[in-house]
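# Topology and contacts: notes
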Amino acid sequence: RRCEELELLSQRVVILDEVEEFVEVNAELTAEGVLYYLLDNKKLALNQLHVDLLGYGHCGKAIYHLLRSLNVNVRVVRRQVRHESDQFICLETYRHCQPSQVIINTSIVNWLDDFLLAKLKPETLIINIVGFLAFNESLIREKYSRLLHLKALPAMIASESAAIMLAKIINKEIEHGR
């Protein structure tokens, strides 16, 4: 992911996406931010919620484990799944299902096309943590549903924790280098 311009700088460049500690802590703080917005926007007990989690990368895994630890019913949708179950299905199978009352998008590919959006139940909550994706928001409103674009959740919800984490990681990288 490095670009030539960065290599020309006289300063040492730290690509945070390549620092495993940053990726893990960022995913945990993102999961906690998703939980905050879930609690703030759905008026049901957590164990009554049914959540579709689109994508299972670092953030998806952290969100899944946090929600499952709180007895939330989570269905993970991935591009491919070796052995499908009630909790893990592939995108092709999902396209034949009824979307749940909460959809959390962590995928950098927009799987929520008009076909799936047309199947939304009223008052579906869509939480999108990928900043650059666009959805058909007029169709979402027609379905009396809501879309929350929540990029940079650690900075929004836990800014102090995120700043401390960043400072520690950057200092460690500067001291020990790669």
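Our subject is the structure that appears above.
None of the values given here were measured: they were computed from a predicted structure.

So, about the packing of aromatic side chains. Summed over all chains, the structure comprises 4 aromatic pairs. Measuring from centroid to centroid gives 5.2 Å for Tyr56 and Phe88, while their planes differ by 85°, and the two rings are edge-to-face. Taken together, the residues Tyr56 in the loop between strand 1 (50-54) and helix 3 (58-69) and Phe88 in strand 3 (residues 88-90) connect sequence positions 32 residues apart. Linked through ring pairs, Tyr56, Tyr64 and Phe88 together constitute an aromatic cluster.

Time to look at the pairing of strand 4 (residues 102-105). Side chains Val102 and Ile104 of strand 4 all project onto a buried face; the interleaved residues Ile103 and Asn105 project onto the opposite face, where all are buried too. As paired elements, strand 1 and strand 4 share 4 bridges and run parallel to each other. Across the sheet, Leu53 pairs through a bridge with Ile104, a residue of strand 4. Where strand 4 and strand 5 (residues 125-128) come together, 4 bridges link them in parallel fashion. Considered in strand 5, the bridge of Ile104 is made with Ile127.

Our next topic: helix 2 (residues 20-41). A rise of 1.5 Å per residue sets the reference length of helix 2, with its 22 residues, at 32 Å; its end C-alpha atoms lie 32 Å apart and thus fit the reference within 8%. Burial in helix 2 covers these residues: Phe22, Val23, Ala27, Leu29, Thr30, Ala31, Gly33, Val34, Leu35, Tyr37, Leu38 and Asn41. Next to the buried residues of helix 2 lie helix 3, strand 4, strand 5, strand 6 (146-149), helix 7 (153-157) and helix 8 (159-176).

Cut-off values and rules
Residue numbering note: each chain is counted from 1, following its sequence as written. With pLDDT at 70 or above as the cut-off, local features in this predicted model cover only qualifying residues; side-chain atom pairs require 80 or more to be listed or tallied, and sums for whole chains, interfaces and linings still use all residues. Side-chain measures were taken over the full set of non-hydrogen atoms in the model, leaving aside hydrogen atoms and water. Note on aromatic pairs: the rings of Phe, Tyr and Trp (six-membered ring only in Trp) are paired at centre separations within 6.5 Å, and the planes decide the class, stacked below 30 degrees, edge-to-face beyond 60, tilted for the rest. Labels follow the DSSP assignment, with helices taken as runs of H or I lasting at least four residues and strands as runs of E lasting at least two, numbered in each case from the N terminus. Partly exposed residues are those whose accessible area sits between 20% and 50% of the maximum for their type, while under 20% is buried and over 50% is exposed, using a 1.4 Å probe and protein chains only. Two strands pair if DSSP finds at least two bridges between them. Take the residue count of a helix, subtract one, and multiply by 1.5 Å to get its expected span. Here a residue-residue contact requires only that any non-hydrogen atoms of the pair lie within 4.5 Å.

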